[in-house]
Every structure is written in structure tokens, then in C-alpha cells.
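# Coordinates in review
Take a look at the letters that make up each chain.
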Amino acid sequence: MKKFIQGMLVTGSLLLFAGCGTENTNDGSDASTEENEELMITTSFSVLGDIIGEITGDRASVEYIVPIGEEPHEYEPVPSNFARVSDSDVFYTNGLGLEEWLEKIVANASDTPIVDLSAGVEEIPLEGEDAPDPHAWLSPKNINIYVNNLLEDLIERDPEGEEEYRENAEAYLNEIEELDEWIVEQVVEIPEEHRKIIVSENAFKYFGKDYGFETEGVWEINSHEEGTPQQINRIIDIVSESGLPAVFVETTVDKRYMETVADNSGVPIAGEVYTDAVGEEGSGAETYIDMIRHNVEVFVDGLTSD
Ligand SMILES: [Zn+2]
């Protein structure tokens, strides 16, 4: 972020960065060379990128900023990200404070509208803070809110696409409903006293509230990530006394913290789960629906083992 600001001061213009390419975006195509009038959409991270793509179909070019494998809480944007956002018709964010780092700079650097897709979600506060937890997307029960906000905005920007957007949204929300029903069936397999998800970042609160899990993390949110000895010792105590057969680790977080927790509590890490990014190509979790399915399978396997 610092580097970019320095660059701006030196050059005095964002336009100079416009030819820098889109190496951190998802589809590798250079939308600026396309001559049709498809909507140009940028979003902050891969999970929203997937959901948005499901609704826009071929009517838009959708790219996201934070690369898979990195987390969106403190990502440092590169100049090409700003060029992409500046050129876009709209920048879709999660909101709930997730992309504050980016929204401020985008607002200063371009007049691209920023639309918060989580607007209307019933917020869960961060523990001990006067701010919401941003991870609302991790509960499929919130996705209809995201999709309806998106749908409304897309129709406003591209009225000719209304029918297609509505059809896509309806089909997608049917899949989300099936996913939701499947999760409810899966959770029944887990003994009630084992319905607790412990990971590095306490990101499963929305999921936990909707599907009956307690949650804990070494830390509350990645932007406050410290992994201090106090935080680690606290969670080691909780895990040791929990009677749980398993803990978990995220694909986007340094695994050493949970490894230390597992080593010191004797409770193994049952697997990797997806929170702040979808899976890489070939992971089987390249889409939002597949990443949630994967998570639930890992939870069920881990928490039903003896
Ligand atoms: Zn997170």
C-alpha cells in the first residue's frame, strides 16, 4: 500500500499504471482489449468473484483483487489492481469492514461506485469490539442477501440483462438451498458435544450460529493476527479441556499456530478449511459451493472421529 502511494506521488497519475496488466486477477484475460459492451466488474476476493460470476454469466467480465492463498483483511494492492478498479463499472465489496484498506484508496483514486453486497445481513459483532465480524459469506443462509443485493445492482446497471440475471440468480439460489439442506443433514452426524469449530481466525461465527456450532480461534480476526504466546496458550487450554477429537486450520493462514496448538493439546488437526478464499485449481473447492461442502465434510470427519 505504501509503495503504491509513493508511486502515485511520483507520477501524479493513476493512468500511468493502466498498462501494467492483470496478473493478480483470476481469468488472465485483458478486458480492456474487448470491444463488446459487457459490464466490467471488480470485486475484492475470490469467494465473491465466484458468486458474482454465477449470476452474471457471460454478460460481465469479473475479476477479483486478492489472489487465492492470500487473505483479504490486510492485502496490499498492486498498481494494476487500481487500474482495474478505475476502469470498472462497479467495485463489489463484502462490506462489514472487510475491505476498509481498499475502499478508502479506491474512493480517493477513482469514481467507480462501491457496492456492499452484505448490506442487510444480521451482523455478529467481533468479540470485545464495536465492529461487526465480516465473515457473513461463510453461512450459506446469508447468500440470498448477497445475491439479491447483487441482482438489484446488476439490473440497474444493465437493464437489458435483467431476465438472464434473474434466471441465473434463481438457479444459483436453488443450489444454495440444496447446500443448506445438505449441511443440516450432515451436522446431525456430529455428537452435540463435539459441535465446536476451533481454527486460527475465529471466522465461523455466522456459520456456527446458523448450523449449531460454537466457535473459537487463536485470534478473533486476521487483521489483528498476532499469534502471541498468550493467545496460543489460551487456545491450548480451551482445546485441551474441550474433549474435542479435532481442530482445523485454514488454507489462507500460517499453519504453524494451529500445529503448535495441536502438538501441545494432543488434539490433531483434522484438515484444512476454506474461509477467506476459494480453493486453487484442482483442489475440488474452486467454487463457493464446493468450498463450503469441503468444509462441512472436513468438520464431520474430524468431529465424529474418536
Ligand atoms: Zn478472515
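The structure presented is a predicted model; accordingly, all values stated were derived computationally and were not measured.

## Topic: the overall build of the chain
Scanning the chain for helices and strands turns up 10 helices and 8 strands. For the chain, buried positions account for 42% of its 306 residues. Long-range pairs, those at least 24 residues apart, make up 61% of the contacts in the chain between residues at least 6 apart in sequence.

## Let's talk about the packing of helix α8 (residues 229–242) against helix α9 (residues 256–265)
Taken N-terminus to C-terminus, the directions of α8 and α9 make an angle of 45°; their axes are 9 Å apart at the nearest point. Here α9 runs oblique to α8, going by the angle between their axes. With respect to the hand of their crossing, α8 and α9 are arranged in right-handed fashion. Between α8, through Ile232, Ile235, Ile236, Val239 and Ser240, and α9, the contact on the second element is made entirely by Tyr257, Thr260, Val261, Asn264 and Ser265. Here the contact of α8 with α9 is composed, by residue class, of 6 nonpolar, 4 polar and no charged.

## A few points about the environment of Glu272
Assignment of secondary structure puts Glu272 in strand β8 (residues 269–273). The residues touching Glu272, leaving out its near neighbours within four places in the chain, are Val249, Glu250 and Thr251.

## Considerations on the confidence of the model for the chain
This prediction gives the chain a mean pLDDT of 88; 88% of its residues lie at or above 70. When the criterion is pLDDT under 50, residues 1–35 qualifies, and its contacts beyond four places in sequence or with other chains add up to 44 contacts.

## Re α8
Taking 1.5 Å per residue, 14 residues should reach 20 Å; α8 reaches 20 Å between its end C-alpha atoms and fits that length. Gly243 lies just past α8 and shows a positive phi near 70°.

## Things to note about unusual backbone geometry
Of note, the phi angle at Leu96 is positive, near 55°, even though the residue is not glycine. Looking at Leu96, the number of C-beta atoms within 10 Å reads 23, which means it is buried.

## Quick word on the pairing of strand β6 (residues 214–219)
For a regular strand, side-chain orientation follows a simple rule: the groups alternate between the two sheet faces. By the bridge criterion, 5 bridges tie strand β5 (residues 196–201) to β6 in an arrangement that is parallel. By the bridge assignment, Ile198 is partnered in β6 with Glu216. Following the chain from β5 across helix α7 (residues 205–211) to the adjacent parallel β6, one finds a crossover that is right-handed.

## Some details on the sheet that holds strand β3 (residues 90–93)
Read across the sheet, 4 strands follow the order β2-β1-β3-β4 without closing on themselves; strand pairing throughout is parallel. Strand pairing shows two members of the sheet lacking a second neighbour, β2 (60–66) and β4 (114–116), which therefore form its edges. Averaged over all pairs of adjacent strands, the angle between strand axes in this sheet comes to 25°, irrespective of strand direction. On the sheet, helix α3 (residues 79–87) packs against β1 (39–45), β2 and β3 and is oriented at approximately 135° with respect to β1.

## A few points about the packing of helix α5 (residues 143–157) against helix α6 (residues 162–187)
Where α5 meets α6, the closest approach of the two axes is 10 Å, and the angle between their N-to-C directions is 175°. Judged on the interaxial angle alone, α6 and α5 are roughly antiparallel. Residues Ile143, Asn144, Val147, Leu151, Leu154 and Ile155 of α5 touch α6, and the partners they reach there are Glu162, Tyr165, Arg166, Ala169, Tyr172, Leu173 and Ile176. Each residue belonging to the contact of α5 with α6 can be placed in one class, and the counts come to 10 nonpolar, 1 polar and 2 charged.

Procedures and definitions
Residues numbered from 1 in each chain as written. Predicted model: local features only at pLDDT ≥ 70, side-chain atom pairs only at ≥ 80, totals over all residues. Helix = DSSP H or I, 4+ residues; strand = E, 2+ residues; numbered from the N terminus. Buried ≥ 20, exposed ≤ 12 C-beta atoms within 10 Å, placed from the backbone. Contact = placed C-beta atoms within 7 Å. Axes fitted to C-alpha atoms, helices over the stretch in contact; angles between N-to-C directions. Parallel < 35°, antiparallel > 145°, perpendicular 65-115°, else oblique. Left-handed = near helix turned anticlockwise from the far one by under 90°. Nonpolar A, V, L, I, M, F, W, Y, C, P; charged D, E, K, R; others polar. pLDDT = per-residue confidence, 0-100. Expected span 1.5 Å × (residues − 1). Pairing = 2+ DSSP bridges. Right-handed = clockwise from strand over helix to strand, strands pointing away.

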